[in-house]
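Chains, contacts and geometry: an overview
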Amino acid sequence: GVPQGLAQSGYSGIAMMGLCVVVASYTGLTLSRNWLHVKDQYPLCSKPYQSIGYTAFGRAGEMSAQVCATVTLFGGCCAYVLIAARCLAKFILSNLHTDAIGYRTAVVIMALVFLITLIFGAGKESMYVAAMATILSSIFSVLIVVAIFRTGKYEDYEPYHITPKSWFLSFGKFLFAFGGHSAFPNFQKEMKNPRNFPGSVLIAYFIKLVLYIPIGVLGMVYFGSRVQCNILDNIDSSQKGLYLCILLIVAVQAILSATILGNPVAHMVEGFFNVSPNVISWQKALVRTLLVALAVGICEAIPRFDLIMSLIGGTTIYTAVFILPSLFHIKLAKRDQWLTFKVTLDSLSIIFGLVAGVVCTYSSVAHIVEEYR
């Protein structure tokens, strides 16, 4: 969705992406500090983000984190399953020249693959899943740049007509791309040395910027107003080998990303029913099967993953990224000589999140109503 987001916002979108990364990096670091403040109280915690909220503001803080984390992570799972399903359908159509396996069937097939990785890719294996997803993202970025150059600029190229509505819709897509905070405490909890996590956050966001900006700018420059939310729809499919390779990589990477987001959600539900997430059992398989079944239902009901991205980006993600980490940090931060400075930065982050979230949510809801009218 980043290439379409840049087309919808123009070159100012690059500055907006940069601002999102700066603020998201800061709140990622504060969220990391929040977990370090409370981790000794929860040695066997399955819901670290919620535990931070409970320590800061009691039941209200816990429920706020619970809702934001669940909706954000589960919505991300649905979006990635949709991406993988579309890649599978395109792969079969391009390779076998048949559309016998339609989109809805492809959703079910990729959901079954997602279920297998969700059951067996939990616990310590999740770090390997995250590493593999990052490597595949890097390979995909190189291949997609090559594919855009080989496709060439459209002959009937027209720049995107930028409006306030399209600008704020693009903001929702950027938030989705840089809004992994709901899963950050889970990753930090699994690390041998949790104090190294802030460095991991900064490196991850730097890599994302390096990968996203070239693809976004090329999509905007080469395809203009016709750039699709999934830029693969703009690529010339006659580049047989390259096209099929990209589809395969994107499908695998999407399923791995869905697994990364799905594990914390599964841990929440399993913790509620006292099911161990680290031991493969029929209870664990049942919980995760039901979660995947729910994801399939949502994917079949809302087949446009760009709508999911914009809506989640403008609602729960901005809350989980900009507001809650800063609120929790104000409450939990050490009372030292830097307190006033830290509270000022946290307050600016909260104001930024509130303003952006309200406008983004309004634009996203208006767009969804318009699409389904």
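Described below are features of the structure shown in this document. (Residues numbered from 1 in each chain as written. Predicted model: local features only at pLDDT ≥ 70, side-chain atom pairs only at ≥ 80, totals over all residues. Heavy atoms only, no water.)

A count of helices and strands for the protein chain gives 12 helices and 0 strands. When the helices and strands of the protein chain are placed in sequence order, the string is α-α-α-α-α-α-α-α-α-α-α-α. The C-alpha radius of gyration of the protein chain comes to 20 Å, within 12% of the 21 Å expected for a compact globule of 373 residues. Counting only C-alpha atoms and orienting by the principal axes, one finds that the protein chain spans roughly 60 × 50 × 40 Å. (Helix = DSSP H or I, 4+ residues; strand = E, 2+ residues; numbered from the N terminus. Rg over C-alpha atoms; globule rule 2.2 N^0.38 Å.)

Let us now look at the environment of Lys284. Here Lys284 is to be found in helix α10 (residues 282–301). Look at Lys284 and you get buried, because its relative accessible area is 3%. Counting along the chain gives 43 residues from Lys284 to Leu327, while the straight-line C-alpha distance between them is 34 Å. A distance of 3.2 Å separates the side chain of Lys284 from the backbone oxygen of Ile119, its partner in a polar contact. (Buried < 20%, exposed > 50% of the residue type's maximum accessible area, 1.4 Å probe, protein only. Polar contact = N/O pair within 3.5 Å; in protein donor to acceptor, adjacent residues only side chain to side chain.)

Its location among the elements puts Arg226 in the loop between α8 (197–223) and α9 (240–272). As for Arg226 and His329, which are separated by 103 residues in sequence, their C-alpha atoms are 43 Å apart. If we ignore the near neighbours within four places in the chain, the residues touching Arg226 are Tyr154, Asp156 and Asn234. (Contact = heavy atoms within 4.5 Å.)

A few words now on the packing of aromatic side chains. Throughout the structure, instances matching the rule amount to 7 aromatic pairs. Measuring from ring centre to ring centre gives 5.1 Å for Phe322 and Phe352, while their planes differ by 85°; the resulting arrangement is edge-to-face. Taken together, the positions of Phe322 in helix α11 (residues 305–332) and Phe352 in helix α12 (residues 339–372) put the pair 30 residues apart, joining distant regions of the chain. Given the relative accessible area of 22%, Phe352 is considered partly exposed. Put simply, the rings of Tyr49, Phe57 and Phe328 touch in pairs and so form one group of aromatic residues. (Phe/Tyr/Trp six-rings, centres within 6.5 Å; stacked < 30°, edge-to-face > 60°.)

Membership of the largest hydrophobic core comes to 110 residues, with the highest contact counts inside it found for Phe114, Ile144 and Ile246. Looking at this core, the element that brings in the most residues is helix α3 (residues 48–96), giving 21 residues. Ignoring any residue separated from it by four or fewer positions in sequence, one finds Ile246 in contact with Phe140, Leu143, Ile144, Ala147 and Leu232. (Core = buried A, V, L, I, M, F, W, Y, C linked by side-chain atoms within 4.5 Å.)

This part covers the side chain of Ser257. Along the chain, Ser257 turns up in helix α9. With residues up to four places along the chain from it excluded, the contact list for Ser257 reads Tyr80 and Ala133.

We now examine the pattern of salt bridges. By the definition in use, this model includes 3 salt bridges. In this structure, Glu300 engages Arg104 in a salt bridge whose closest nitrogen and oxygen atoms are separated by 2.7 Å. With Glu300 in helix α10 and Arg104 in helix α4 (residues 103–120), the pair connects residues that are 196 residues apart, well separated along the chain. Residue Glu300 is classed as buried on the basis of its relative accessible area of 19%. (Salt bridge = Lys/Arg side-chain N within 4 Å of Asp/Glu carboxyl O.)

Let us look at α8. Here α8 contains 27 residues, and its C-alpha end-to-end distance of 38 Å stays within 8% of the 39 Å for a straight helix at 1.5 Å per residue. Within the sequence span of α8, burial applies to Phe197, Val201, Tyr205, Leu209, Leu211, Ile215, Gly216, Leu218, Gly219, Met220, Tyr222 and Phe223. (Expected span 1.5 Å × (residues − 1).)

Note on placement: His37 falls in helix α2 (residues 12–38). Considering only alpha carbons, one finds His37 and Thr55, 18 residues apart in sequence, at a separation of 9.5 Å.

Running from N to C, α9 and α10 cross one another at 125°; their axes reach a closest spacing of 10 Å. In this view, α9 runs oblique relative to α10, as classed from their interaxial angle. The handedness of the crossing between α9 and α10 is right-handed. Residues Asn263, Val265, Ala266, His267, Val269 and Glu270 of α9 pack against Lys284, Val287, Arg288 and Leu291 of α10. Taken together, the residues of the contact of α9 with α10 sort by class into 5 nonpolar, 2 polar and 3 charged. (Axes fitted to C-alpha atoms, helices over the stretch in contact; angles between N-to-C directions. Parallel < 35°, antiparallel > 145°, perpendicular 65-115°, else oblique. Left-handed = near helix turned anticlockwise from the far one by under 90°. Nonpolar A, V, L, I, M, F, W, Y, C, P; charged D, E, K, R; others polar.)

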